[in-house]
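Structure assessment
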Amino acid sequence: MKRIISTTLITLYIFLLTLEVDVLAEWPSDSKVNVPVCTSQGSQTDVVITTDDSGGAIVVWRDERNGANVGIYAQRIDASGSIRWDANGVAICTAPGDRRDVTAVSDGSGGAVIVWEDRRSGNSDIYAQRVDEHGVIKWATDGVSICTAANSQWLHKVVYDGTDGFIIVWQDWRSGNDWDIYAQRVNINGVVQWTVDGVGIATGAKNQLSPDIAPDGTGGAITVWHQFLGGGDANIYAQKVDVNGVAQWGFEGLAVCNASLDQLTPVITADGAGGAIIIWVDDRNTNYDLFAQRINASGSLLWTPKNGVPICKTAIDQENPVIINDGASGAIITWENYRDANNIDIFAQRVDANGTIMWLSSGVPVGVGIDWQYAPTITTDGSNGAIIAWEDFRNPSADVYAQRVNAGGVALWAANGVSVSAAQRSQGSPAIVSDNTGGAIIVWEDSRSGNYDIYAQRLNLAGVLGGSAAITANFVGLPASGPAPLTVNFTDLSTPTGGITGWLWDFGDGTALDTIQNTTHTYVTNGNYQISLEVTGSDGFDSEVKTNYIHVASSASTTTTTTSPVSSTSSITTTTSTTTTVTTSSTTSSSTNTTTTSTTTMTTSTASSSTTTMTTATNTTTSTTTSSTTTTAPSTTSTTTSTTTTTSTTTSTTTTTIVCQCNNDGFKGCISGLVTKKSTGVPLVRKTVILNKTSPIKPRVRMKVVTWS
């Protein structure tokens, strides 16, 4: 019996150790190490990535571990770099036959919807599956059929429609005569919502090819494709379909660009206003250039010229563009640039909401090392800029590099990118997703073992590999309620404890912001106060806002005392390390409805001084006698003040104005009141930082005068 218990405890202990290692795992900081996502037998290829909505990612790939029956597998890797699901991935589909062209999108709940081209029937069909945040399969085993019409369906794309549904678009050969574009919506439970095998988006007599899709923000989507009209002429078309699958822009869609010669392979991103921005490869100038156009929710072309704004039209060719929204209804585009006949480089460009080019006219260089840089992939940095990764041949074999470009088109990391993976043999075909803290998680196909496996790596916003888990702001303030004046102790509880280097407190009462990690603040006015804390570090930033968090009640402002005359004596002793002179003077008046003012001035040898003036309105007769004795020594000052006060009935209301002149920049340390210029006493304006969530590094600053009474 003892042996059984002992074995059980050992097993439990090992299990707990395993859990602890998993929780504490971190991203490596060595580009030759990285995190293995899947190293199963056979090859793993066609890797894609989507967010897990918690700073980590869900990775999906095509898997040959079972030989000719090619499967689809997925794995979740959290913000700290820990593998969360079964070793080497969860099986999404293991049906007989081949599978290709995998795509994935977040399901909005920490899981993902995965779509692929499936050949179990002998033809290429479209199937889909949903996996939740725990790696549990949610739809039918081996996926639900999106389209199993005659002949082949392929080159699909998928988007989340924002209403617990997913819209999938693909290229379709069901007619046997030409390629058409079809689409289908599937809900969160895996039930298709439109006509069986999809609704026709573009089914004209010519070939419609290479579709892409973006959500319209109202449950529908905008689809774009290129259409061959014959005679070597291909143009760009678009169609909007609503949540019910009804086309909104006519039977054949809307012509986005019908310039001469070929316009090909369009890609699209939502503009955040119900429309979209489209970019394509364009042959109108006899070599491949890049042009773009914005289309609104009604199908109107917004930019001029109507056949598109040139994004890049340098000599030789520009190909393989990818695009993201820039967070301001514009877009950032990156592409392969062939301006050097012997090399392929990576360039990028930003275009604003009005179609104005924001960076260098021909784009900014992102990766221009020796030999080829190609297959770019892009994600937002959360600050109107982008992080771009690509496959790079500057070394003897292919590696993965990345670069961050800010909103102004400036490359922020090492020239020509930082090395993400430089392991032996080849690393390529990267995919990228934001880590929601200004950095990114990148995955790729990796042959370091001899077969193609899947590896991953995180870079923080500074371009540093690895790093701790995502920064999370949190705090507590005690006491959280009480009468004015209420002094509250604020304690920072943000994580990770070792990765945060900056704090910014806003106490909600209009006073100066505080940058101390753990601090105190005194509230002098009754009310309910909202508190916010923003924390920053090399791994990103986060903020926590607590509304109506501090409750300050009114304190008694009037005191009435009726007594016989009383005599009181108080003795105060003060010790200081500097020479101090204290002068106390008082004036006494005796009448009804008179004002008695007492002023105390203290001068020290420190770098700051303060003056406090108190005015007391008295409605009764007051008699005050004050005497003081001061002793001064070079290093120590002892001050004894004896005060004898005879008071009859007293009623007082006090109004205080505090005027303080502070050290350093003239603003820090002033809890309340006006900030004055030392030489003139003229009030200055106070700096108040307005938190800019997209760019905590360079917060906007406004100037504000605060008065107190």
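This one's a predicted model, so the numbers in the text were calculated from it and none came from an experiment.

Definitions and limits used
- Residues numbered from 1 in each chain as written.
- Predicted model: local features only at pLDDT ≥ 70, side-chain atom pairs only at ≥ 80, totals over all residues.
- Heavy atoms only, no water.
- Helix = DSSP H or I, 4+ residues; strand = E, 2+ residues; numbered from the N terminus.
- Buried < 20%, exposed > 50% of the residue type's maximum accessible area, 1.4 Å probe, protein only.
- Contact = heavy atoms within 4.5 Å.
- Areas by Shrake-Rupley, 256 points an atom, 1.4 Å probe, with all protein chains shown as cover.
- Salt bridge = Lys/Arg side-chain N within 4 Å of Asp/Glu carboxyl O.
- Phe/Tyr/Trp six-rings, centres within 6.5 Å; stacked < 30°, edge-to-face > 60°.
- Lys NZ or Arg CZ within 6 Å of the ring centre and 35° of its normal.
- Pairing = 2+ DSSP bridges.
- Axes fitted to C-alpha atoms, helices over the stretch in contact; angles between N-to-C directions.
- pLDDT = per-residue confidence, 0-100.

**Quick word on the overall build of the protein chain**
What the protein chain contains, in helices and strands, is one helix and 50 strands. With 709 residues in all, the protein chain has 48% of them scored as buried. Expressed as a percentage of contacts within the protein chain between residues at least 6 apart in sequence, the contacts between residues at least 24 apart total 49%. As displayed, the protein chain offers around 31,400 Å² of accessible surface, 53% of which is attributable to carbon and sulfur atoms.

**Observations concerning the pattern of salt bridges**
Working definition: two side chains of opposite charge can pair if their charged atoms are close together. Within this structure, the stated rule accounts for 21 salt bridges. D52 is the salt-bridge partner of R76, the closest N and O atoms lying 3.0 Å from each other. Of the two residues, R76 sits in strand β4 (residues 71-77) while D52 sits in the loop between β2 (44-51) and β3 (57-63), which places them 24 residues apart along the sequence. Across the pair, D52 and R76 agree in class, each one buried. With a shortest N-O distance of 3.0 Å, R62 and D98 are connected by a salt bridge. With R62 in strand β3 and D98 in the loop between β5 (90-93) and β6 (99-106), this residue pair connects regions lying 36 residues apart in the sequence.

**Side note on the packing of aromatic side chains**
Counted by the stated rule, this structure contains twelve aromatic pairs. Geometrically, the ring pair formed by W225 and Y237 is stacked, given 6.5 Å between the ring centres and 20° between the ring planes. Remark: Y237 occurs in strand β16 (residues 233-241) and W225 occurs in strand β15 (residues 221-230); sequence separation between them is twelve residues. Grouping residues by exposure puts W225 and Y237 together as buried. Aromatic side chains Y523 and Y529 sit 4.6 Å apart centroid to centroid with 40° between the ring planes, which places their arrangement in the tilted category. With respect to burial, Y523 and Y529 carry one shared label: buried. Members of the aromatic cluster, each reached through a chain of ring pairs, are F475, F490, W505, F507 and Y549. Taking the ring centre of Y73 as reference, the NZ or CZ of R65 above it sits at 3.7 Å. Between R174 and the ring centre of Y182, over which it is positioned, the NZ or CZ distance is 3.6 Å.

**Brief notes about the sheet that holds strand β1 (residues 35-38)**
Taken together, the four strands give an open sheet; going across it, the order is β1-β32-β31-β30, and neighbouring strands pair in antiparallel fashion. The open sheet terminates on both sides in strands that have one partner only, identified here as β1 and β30 (427-434). The average undirected angle you get between the axes of adjacent strands in this sheet is 30°. Inspection of the sheet shows β1 paired to strand β32 (residues 453-459) by three bridges, in the antiparallel sense. In the sheet register, C38 faces β32, and the bridge partner there is I454.

**Some details on the confidence of the model for the protein chain**
Per-residue confidence for the protein chain averages 80 on the pLDDT scale, and 73% of its residues sit at or above 70. Scored below 50 in pLDDT, residues 1-24 makes five contacts in the model with residues more than four places away or belonging to other chains. Predicted confidence is poor over residues 557-709, with pLDDT under 50, and the contacts of this stretch with residues over four places away or in other chains come to 225 contacts.

**Looking at the sheet that holds strand β28 (residues 399-405)**
Each strand in a sheet pairs with another by means of backbone hydrogen bonds, the pair being arranged parallel or else antiparallel. Across the sheet, four strands lie side by side as β26-β27-β28-β29; this open sheet has antiparallel pairing. Sheet topology places β26 (373-380) and β29 (418-421) at the edges, where each strand pairs with a single neighbour. Geometrically, the sheet is characterised by an average inter-axis angle of 30° between neighbouring strands, direction not taken into account. Pairing geometry for β26 and strand β27 (residues 386-392), over six bridges, is antiparallel. Bridged to Y374 within β27 is E391.

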